[in-house]
Amino acid sequence: MTFSLHAQDFASEVNPFIGTTNYGTTSPGAVMPNGMMSVVPFNVMGSDLNRYDKDNRWWSAPYEYTNTYFTGFAHVSLSGVGCPEAASLLVMPTMGKFTPDHRQYGSTYSEEKASPGYYSNRLTRYDIKCEATTTLRSSCERYTFPKGEGHILLNLGEGLTNESGAWVRRVSDTEIEGQKLLGTFCYTRDAVFPLYFVMRVSKKPSSSGCWKREPEMMGVEKAWRGTEEFKTYDETVNELGGDHIGYRFTYANLKENDTIIVRMGVSFVSCENARINLDSEQGESSFATLHSRARQKWNSDLGRIQIEGGTKDKRTIFYTALYHSLIHPSTFSDVNGEYRTMGSRKVAKTDRTRYSVFSLWDTYRNLHQLLTLVYPERQTDMLHSIVGMYEESGWLPRWELYGRETYTMAGDPASIVIADSWLRGLHDFDVETALEGMLKSANTPGIENPLRPDITPYMERGFIPLYYLPTDLSGDNSVSHTLEYCQADYAISQLAKALGKDSISNEFDKRSKYYRNYYCKESGVLRPRTKDGSFLNDFDASVGKHFENVPGFHEGSAYAYTFAATHDVEGLMKLMGGRKHYVNKLKAIFEEGHYDPANEPDIAYPYLFSRFKGEEWRTQKIVNHLLDSCYHNGPNGLPGNDDAGTLSAWALFSMMGLYPDTPAEPTFTLTTPQFKRISITTPSGVITLTTDKNPEEAPLIESVMLDTKKLRTLRVNHHDLLRFKRLDFKLKSEK
């Protein structure tokens, strides 16, 4: 694992191996910012050498740092997700006798290197050097062979996806095209979609052909067909379809250091569009040229935030967090503007970029606020994408994946992203249509409502009783659902207020406080309620901490959710008996080990102390501790699943010294920046944050100046930040 550091070469300050173990589910593969294409080393199948195998356990990443058995480069992969999907179209170089069995042709590897837009290794079994780079919608791989017979294999039967089925067609001696079926993300049966590809090799092969894995047979048929697991076809078969198929290019007499370039274009529309994407973005450009372009694009995007000071490790952690925050959402439209509409086979066209991979339950909390501040042109296209999905399907997305709704996790998070973006100043989208979609999901009865299926008792009684819905694998989530609906209703209230729709605003402001109906004075936390309205008996607020099922809560305990309604801190404080009790209960979350830095419900907890004068130092101390203990410059450098960039965005904001702790409020809560100077380039100009002392020696805030004005509280409005463009932190060593 190597990467280098050069001044102003921001890509060199990224370590793509961060998060590739400890269940961070990131990968070191090559990808462009928010790119459709990614090329990822696939090392999670085929050998007992691997500790983590996708076929032996639940596994959601194509790469794990501690694994050692490589079976090819996967194309179009997801970063930081909790369910297996995509990561198919496996391209593998081999030497010697051809075999189509990945359990036999895989190899250990060494000399692994990665940087933004580039990955390489050397296969120890074959002494083949493998390199990969990308454009937005296509890939380019360079394989350097030793002398002998070599092969380029495309395995269409394997990958992370839960779906099977593919076809491949020979176009010429050096080009093939086809389709791979993907989908069923997180058990969503109908969320399936085709991925089309065109693949070219730079050298005409000595021979080529297809293969398939034979189905299991019995009796006379087995005796007649034989016992071979795979059947191969020569060049007389131009097209093949099936579940476990592939294609080979064989080179009989390679010379030492011969290189073969493999190019692949992809599309979710058609093979023809995959070809257009490939031709438009690569043409005849060399591998080196494409790699250089990818690096230049990463340098441009990473360079919108520049830092001075800090240790080498902190700089690497910072820029890697920014890198991971710019992988999803992903480009979905082709070069010609075509894309598949939400939930249908229809093809539409846009003059903007259509985006996909909206893990909104995670990213509504911080990642979209980052995009709004630093990459507003991209966030605006994402808002158009979200509203377009409503216009096409009749519903806003929750966890959209390549034009299909997966209904993963809970709530109505698109409403929060829309409102937050509007309130922070992004107005170049159809907000009236957006509000129409928000109100539809907020008011449609549960039996007809896929986003809020248990909303009926929420509207009628102000809470959802236990087991109102049949439980799924996650158990009953009634309290968690209510909190998510409250967050979304608060967002609707705030947007309606900004649009002058006071009656809607007042109604949804009231609804946003329904979570209070779960507060139990006896236990001091939110507690599930039964159908008769009573609190659940035999209740342990700590259960759920390790993601085990617990009545009322999803992926967390009652402690992880009790303070989650950050839009109503004052209301919860009153329920708890005042400021002292609120602060003490919040302190206990951290002191008694109930805080989970690796999941979203309590992600803003450290910042809540700053709502109370005299307690702000606790935010600074806790955030500093979490950054030091949970984020590292190494493969285990994330505390858990990156959740499509959400944990990385938390670290990034926290290291800059400001955090959007209340979605749908255009504010930031301040903490101690980790660097001497931070410069954020925005369309409104460069925002500068400075510290007067070394944050390592003076980790607490004494005061903050917004331009020439001393702040009375450690919160700053988004628009004031854009207007005055300067925050100066005066630091101290002790509280």
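Chemist: Requested: an account of the overall build of the protein, with residues and values cited.
Modeler: A tally of regular secondary structure across the protein gives 19 helices and 35 strands. Taking 27 Å as the expected radius of gyration for a compact globule of 735 residues, we find that the protein reaches 26 Å, a close match to that expectation. Relative to its full complement of 735 residues, the protein shows a buried share of 66%. Long-range contacts, defined as pairs at least 24 residues apart, comprise 69% of the intrachain contacts of the protein with a sequence gap of at least 6. As displayed, the protein offers around 26,600 Å² of accessible surface, 47% of which is attributable to carbon and sulfur atoms. If the 82 positive side-chain charges of the protein are averaged to one point and the 92 negative ones to another, these points end up 4 Å apart.

Chemist: Quick rundown of the pattern of salt bridges? Include the residues and the values.
Modeler: Considering all chains together, one arrives at 48 salt bridges under this definition. The residue Glu308 makes a salt bridge to Arg677 at a minimum N-O spacing of 4.0 Å. With Glu308 in strand E18 (residues 305-308) and Arg677 in strand E30 (residues 677-682), this pair connects stretches of sequence that are 369 residues apart. Owing to a relative accessible area of 44%, Glu308 belongs among the partly exposed residues under this scheme. Residues joined in a network through salt bridges with shared partners are Arg169, Glu175, Glu177, Arg200, Glu239, Glu272, Arg275 and Asp279.

Chemist: Describe in detail helix H9 (residues 413-423), supporting the description with residues and values.
Modeler: Within H9, 11 of the 11 residues are buried, leaving the element largely enclosed by the surrounding structure. Buried within H9 we find Pro413, Ala414, Ser415, Ile416, Val417, Ile418, Ala419, Asp420, Ser421, Trp422 and Leu423. Looking at the buried residues of H9, the elements they touch are helix H6 (360-363), helix H7 (367-374), helix H8 (376-393), helix H10 (431-443), helix H12 (478-498) and helix H19 (718-724). Of the residues flanking the end of H9, it is Gly425, one or two places downstream, whose phi is positive at about 110°.

Chemist: Which residues make up the environment of Phe590, and what are the values?
Modeler: Looking at the secondary structure, you find Phe590 in helix H16 (residues 579-591). In this structure the C-alpha to C-alpha distance between Phe590 and Lys531, which are 59 residues apart in sequence, comes to 33 Å.

Chemist: If you had to explain the nonpolar core to someone new, which residues and values would you point to?
Modeler: The biggest cluster of nonpolar side chains holds 140 residues, and the ones touching the most others in it are Ile305, Tyr582, Trp650 and Leu727. At 10 residues, the largest contribution of residues to this core is made by H12. Not counting residues up to four positions away in its chain, the partners in contact with Trp650 are Asn366, Ile603, Pro606, Tyr607, Val623, Leu626, Leu627, Tyr631 and Tyr659. Counting residues in each nonpolar core, the second largest holds 65 residues, with Phe70, Ala114, Ile260 and Val262 among its members.

Chemist: Outline the sheet that holds strand E23 (residues 358-359), supporting the account with residue identities and numerical values.
Modeler: Spatially, the 3 strands line up as an open sheet ordered E23-E24-E25, and their pairing is antiparallel. Edge strands, defined here as strands with exactly one partner in the open sheet, are E23 and strand E25 (404-405). As paired strands, strand E24 (residues 399-401) and E25 are joined by 2 bridges and run antiparallel to one another. The partner of Glu400 across the bridge, within E25, is Glu405.

Chemist: Provide a residue-level description of empty space enclosed by the protein, including the pertinent values.
Modeler: Summed over all chains, the structure comprises 8 cavities of 30 Å³ or more. Taken together, 17 residues form the lining of the largest cavity, with Val31, Ser38, Ser77, Ser79 and Ile327 sitting closest to its centre. For the lining of the largest cavity, the elements supplying multiple residues, two or more each, are strand E1 (30-31) and strand E2 (38-41). Class assignment for the residues of the lining of the largest cavity results in 9 nonpolar, 8 polar and no charged. Here the second largest cavity is characterised by a volume of approximately 100 Å³.

Chemist: Can you tell me about the packing of aromatic side chains, naming the residues and giving the values?
Modeler: Taken as a whole, this structure holds 37 aromatic pairs when the rule is applied. Each member of the aromatic cluster is reached from another via a ring pair, and the members are Phe563, Tyr582, Phe590, Tyr595, Tyr605, Phe609 and Phe612. If you follow Arg529 out to its NZ or CZ, it ends over the ring of Phe463, 4.4 Å from the centre.

Chemist: Could you give an account of the state of the cysteines, naming the residues involved and the relevant values?
Modeler: The tally for this structure, following the rule as stated, stands at 1 disulfide. At a sulfur-sulfur separation of 1.7 Å, the disulfide partner of Cys83 is Cys186. An S-S torsion of about 100° defines the bridge between Cys83 and Cys186 as right-handed. Residue Cys83 is located in the loop between strand E3 (73-75) and strand E4 (88-95), and its partner Cys186 is located in the loop between strand E11 (175-183) and strand E12 (192-201); the two are separated by 103 residues in the primary sequence. There is no disulfide at Cys130, and the cysteine sulfur nearest it, in Cys140, is 13 Å away. You can call Cys130 buried: its relative accessible area is 0%. Left unpaired, Cys210 is separated from the closest cysteine sulfur, that of Cys271, by 14 Å.

Chemist: Would you mind going over the sheet that holds strand E28 (residues 658-659) in detail, with residue names and values included?
Modeler: Reading across the sheet, the 3 strands line up as E28-E29-E34 and stay open at both edges, with antiparallel pairing between neighbours. Among the strands making up the open sheet, the edge pair consists of E28 and strand E34 (715-717). Pairing geometry for strand E29 (residues 667-670) and E34, over 3 bridges, is antiparallel. Each bridged residue has a counterpart across the sheet, and for Thr669 the counterpart in E34 is Arg715.

Chemist: Lay out the packing of H8 against H10 with the relevant residues and their values.
Modeler: It is at 10 Å that the axes of H8 and H10 come closest, and there the two elements cross at 60°. It follows from the interaxial angle that H8 and H10 lie oblique. For H8 against H10, the interelement crossing comes out left-handed. Across the interface between the two elements, Val387, Tyr390 and Glu391 of H8 pack against Thr433, Ala434, Glu436, Gly437 and Lys440 of H10.

Chemist: How would you explain the packing of H8 against H9 if you had to name every residue and give the values?
Modeler: Running from amino to carboxyl end, H8 crosses H9 at an angle of 140°, the nearest separation of the two axes being 11 Å. If you check the angle between H8 and H9, you find them oblique. H9 is crossed by H8, and the crossing has left-handed handedness. Where H8 abuts H9, its residues Gln379, Leu383 and Ile386 lie against Ala414, Val417, Ile418 and Ser421. The class makeup of the residues in the contact of H8 with H9 is 5 nonpolar, 2 polar and no charged.

What counts as what
Residues numbered from 1 in each chain as written. Predicted model: local features only at pLDDT ≥ 70, side-chain atom pairs only at ≥ 80, totals over all residues. Heavy atoms only, no water. Helix = DSSP H or I, 4+ residues; strand = E, 2+ residues; numbered from the N terminus. Rg over C-alpha atoms; globule rule 2.2 N^0.38 Å. Buried < 20%, exposed > 50% of the residue type's maximum accessible area, 1.4 Å probe, protein only. Contact = heavy atoms within 4.5 Å. Areas by Shrake-Rupley, 256 points an atom, 1.4 Å probe, with all protein chains shown as cover. Lys, Arg positive; Asp, Glu negative; His and termini not counted. Charge placed at Lys NZ, Arg CZ, Asp CG, Glu CD. Salt bridge = Lys/Arg side-chain N within 4 Å of Asp/Glu carboxyl O. Core = buried A, V, L, I, M, F, W, Y, C linked by side-chain atoms within 4.5 Å. Pairing = 2+ DSSP bridges. 1 Å grid on protein atoms, 1.4 Å probe; cavity = no way out; pocket = protein on both sides within 12 Å on 5 of 7 lines; lining within 4 Å. Points joined across faces, edges and corners; volume = space filled by probe spheres on them. Nonpolar A, V, L, I, M, F, W, Y, C, P; charged D, E, K, R; others polar. Phe/Tyr/Trp six-rings, centres within 6.5 Å; stacked < 30°, edge-to-face > 60°. Lys NZ or Arg CZ within 6 Å of the ring centre and 35° of its normal. Disulfide = S-S within 2.5 Å. Axes fitted to C-alpha atoms, helices over the stretch in contact; angles between N-to-C directions. Parallel < 35°, antiparallel > 145°, perpendicular 65-115°, else oblique. Left-handed = near helix turned anticlockwise from the far one by under 90°.

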